[in-house]
Amino acid sequence: MRMNSVALLVALAGAVQAQTYTPTAENLAARQWFEDNRFGMFIHWGVYSVLGDGEWVMNNRKMSVAEYEKLAPQFDPVKFNAAAWVALAKSAGMRYITFTTKHHDGFAMWGTKQSKWNIVDATPYHKDVVKMLADECHRQGIKLFVYHSQLDWHNPDYFPLGQTGHSSGRPPGGDFNKYLDYMDAQLRELLTGYGPIAGVWFDGMWDKPNADWQLERTYSLIHSLQPAALVGSNHHRAPFPGEDFQMFEKDLPGQHTQEFSSTSVVGSLPLETCDTINRSWGYNSKDNHYKSSRELIQYLVRAAGNDANFLLNIGPRPDGTIQPEFVERLHAMGAWLQNNGDSVYGTRGGPVTPRNWGVTTRKGNKVYVHLLDWQDEVLALPKIDGIRSARLFPAGATVETQQVGGATLLRIPAAERDPVDTIVELDLGG
Ligand code: JFZ
């Protein structure tokens, strides 16, 4: 009787184990690196950039594959300068780049051998920009993640169709398993020919949420080729086994400000949230709704206070240049991080949960209180014990604190407040 239940338990544990993904030590170290570095550059760039109307233009304008393929001969980014792009990311204080290797239009930004629908074979440029970018990232010490769309509006084997891509004119009857083989073969190329890849940022599974994506097969392929590569997917659901970070789009974790993330749950993996500088991911020549540098810096700080990274997007122009409105804001963020970065990099979400007035971050025995939107002289926090000193960061002026009942009061005269972020560093000693 007893033996039987033990045997049952062993069998159950085995079954659970089969579905449990155990990250390697180097993967766990990479997760820590990811959380410590907090700020990355998202780049949406592809043949769609030619039309200057965002990365969804094929679907939005109901273009057929044949019509859309005419964009490739027009995509000739002669001014693309990988060194300058990577240097721009670094000057913004960004520590990694997530690049669209393949978006929903299926176009490969590297010289894939799986299809001629790629930048080397189908454009007059004939160069492998993923290779150029990867080499430059490695040279300048920035990590490279690859964005990869599981949704594909171009490949005839992406069938049955999901919620999008219905005007592409592909004949019905493709073989989805063949498509998944194709995707894995492309991922194998990216994970073997381009040096260390920091991670894979999947997107598009939401197009066919109930299809058998064979995630375990794809995820274990990635981890077998590069164990430290962090897998994440923009599916807006709780993480699946084999994923190493969880992402939120245009949303701080758990805030549910976007309709598509209303059901997302914050799990225990490292978190990342992404957003745009204007309102477009891919280059959009008419979109001039730029966020201010202040808003972008505050978003980065709020992300850190929510224990999340911030992946901020640029959509370069089709000639390979980056518009001045983006460059200007990135430089402003970099300048701010030069002075204040110690309160962001290497931190985790702090002891006070995010509030309307701002957030807290922590690192070792230091707590950083970030006042982002606070007009009054005194701020009351839930009581923080053991404060040895409180000072403005980085300037150093002492901040008066007072413990009153269940609260810790900070007094910051108006003259000492910073319109972007007033940072108070609390030293908890110990
Ligand atoms: C996706 C892409 O479609 C978009 O082009 C861009 O790359 C962005 C970063 O990711 O956008 C999404 C993904 C999921 C939903 C909405 C937009 N969704 O689930 O509603």
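Refer to the structure printed above.
As a starting point, this report considers the structure included with it.

Cut-offs and rules
Residues numbered from 1 in each chain as written. Predicted model: local features only at pLDDT ≥ 70, side-chain atom pairs only at ≥ 80, totals over all residues. Heavy atoms only, no water. Helix = DSSP H or I, 4+ residues; strand = E, 2+ residues; numbered from the N terminus. Buried < 20%, exposed > 50% of the residue type's maximum accessible area, 1.4 Å probe, protein only. Contact = heavy atoms within 4.5 Å. Lys, Arg positive; Asp, Glu negative; His and termini not counted. Charge placed at Lys NZ, Arg CZ, Asp CG, Glu CD. Pairing = 2+ DSSP bridges. Axes fitted to C-alpha atoms, helices over the stretch in contact; angles between N-to-C directions. Near = heavy atom within 4 Å. Polar contact = N/O pair within 3.5 Å; in protein donor to acceptor, adjacent residues only side chain to side chain. Areas by Shrake-Rupley, 256 points an atom, 1.4 Å probe, with all protein chains shown as cover. Nonpolar A, V, L, I, M, F, W, Y, C, P; charged D, E, K, R; others polar. Parallel < 35°, antiparallel > 145°, perpendicular 65-115°, else oblique. Left-handed = near helix turned anticlockwise from the far one by under 90°. Expected span 1.5 Å × (residues − 1). Phe/Tyr/Trp six-rings, centres within 6.5 Å; stacked < 30°, edge-to-face > 60°. Lys NZ or Arg CZ within 6 Å of the ring centre and 35° of its normal. Salt bridge = Lys/Arg side-chain N within 4 Å of Asp/Glu carboxyl O.

1. Here we look at the overall build of the protein chain
Here is step 1 of the chain: Counting its regular elements, the protein chain contains 11 helices and 16 strands.
Here is step 2 of the chain: In terms of overall dimensions, the protein chain has a C-alpha envelope of 75 × 70 × 40 Å along the principal axes.
Here is step 3 of the chain: Buried positions account for 54% of the 430 residues belonging to the protein chain.
Here is step 4 of the chain: A fraction of 71% describes how many contacts in the protein chain between residues 6 or more apart in sequence connect residues 24 or more apart.
Here is step 5 of the chain: The protein chain carries 40 positive and 47 negative side-chain charges, and their two centres are separated by 2 Å.

2. Let's talk about the sheet that holds strand β12 (residues 378-382)
Here is step 1 of the chain: Spatially, the 3 strands line up as an open sheet ordered β12-β15-β14, and their pairing is antiparallel. At either end of the open sheet lies a strand with only one pairing partner, and these are β12 and β14 (400-404). Averaged over all neighbouring strand pairs, the angle between strand axes comes to 25°, with direction disregarded.

3. Topic: the side chain of Q150
Here is step 1 of the chain: Considering the arrangement of structural elements, one finds Q150 in the loop between β3 (143-149) and α8 (176-192).
Here is step 2 of the chain: Classification of Q150 as buried rests on a relative accessible area of 1%.
Here is step 3 of the chain: With residues near it in sequence (within four places) discarded, Q150 still touches Y158, Y179, M183, F202, D203, G204, M205, W213, L215 and S233.

4. As for the site of the ligand
Here is step 1 of the chain: Taken together, 14 residues are adjacent to the ligand, and H44, E55, H103, H104 and D203 come closest.
Here is step 2 of the chain: H44 is positioned with one of its side-chain polar atoms (N or O) 2.6 Å from an oxygen atom of the ligand.
Here is step 3 of the chain: Measuring from an oxygen atom of the ligand, one finds a side-chain N or O atom of D203 at 2.8 Å.
Here is step 4 of the chain: Notes on the ligand: free accessible area 450 Å², of which the protein chains cover 84%.
Here is step 5 of the chain: A breakdown of the residues in the shell around the ligand according to their chemical character gives 6 nonpolar, 5 polar and 3 charged.

5. Re the packing of α8 against helix α9 (residues 215-225)
Here is step 1 of the chain: Taken N-terminus to C-terminus, the directions of α8 and α9 make an angle of 15°; their axes are 10 Å apart at the nearest point. Relative to α9, the element α8 is oriented roughly parallel. α9 is crossed by α8, and the crossing has right-handed handedness. Seen from α8, the contacting residues are L180, D181, M183, D184, L187, R188, L191 and T192; seen from α9, they are R217, T218, L221, I222 and L225.
Here is step 2 of the chain: Broken down by class, the residue content of the contact of α8 with α9 amounts to 7 nonpolar, 2 polar and 4 charged.

6. Concerning helix α2 (residues 25-37)
Here is step 1 of the chain: Between its first and last C-alpha atoms α2 spans 19 Å; for 13 residues at 1.5 Å apiece the expected length is 18 Å, and the two agree.
Here is step 2 of the chain: Those residues of α2 not exposed but buried are N27, A30, R31, F34, E35 and N37.
Here is step 3 of the chain: Phi turns positive one or two residues past the end of α2, at R38, with a value near 60°.

7. What about the environment of K102?
Here is step 1 of the chain: Considering the arrangement of structural elements, one finds K102 in strand β2 (residues 96-102).
Here is step 2 of the chain: Placed 82 residues apart in sequence, K102 and D184 show a C-alpha to C-alpha distance of 13 Å.
Here is step 3 of the chain: One polar contact links K102 to D152, side chain to side chain, over a distance of 2.8 Å.

8. A closer look at the packing of aromatic side chains
The geometry of an aromatic ring pair is captured by two quantities: the separation of the ring centres and the angle between the planes.
Here is step 1 of the chain: Tallied over the entire structure, the rule returns 29 aromatic pairs.
Here is step 2 of the chain: Here the aromatic rings of F42 and Y147 are separated by 6.0 Å at their centres, their planes lie at 50°, and the arrangement is tilted. Residue F42 is located in strand β1 (residues 39-43), and its partner Y147 is located in strand β3; the two are separated by 105 residues in the primary sequence.
Here is step 3 of the chain: On the basis of relative accessible area, Y147 is assigned to the buried category, the value being 0%.
Here is step 4 of the chain: In this structure an aromatic cluster arises from ring pairing among W33, F34, Y96, F145 and F245.
Here is step 5 of the chain: The ring of Y345 has R95 sitting right over it, with the charged end atom 3.7 Å from the ring centre.
Here is step 6 of the chain: The ring centre of F176 lies 3.7 Å from the NZ or CZ of K208, which sits over that ring.

9. Quick word on the pattern of salt bridges
Here is step 1 of the chain: What the rule picks out here adds up to 16 salt bridges.
Here is step 2 of the chain: In this structure, E136 and R139 form a salt bridge, with 2.6 Å as the shortest nitrogen-oxygen distance. Of this pair, E136 and R139 both sit in helix α7 (residues 129-140), 3 residues apart, roughly one helical turn.
Here is step 3 of the chain: Put simply, D385 and K383 hold a salt bridge, and the shortest N to O gap is 3.3 Å.
Here is step 4 of the chain: What makes D385 exposed here is its relative accessible area of 55%.
Here is step 5 of the chain: A network of salt bridges, in which partner residues are shared, links E35, D36 and R348.

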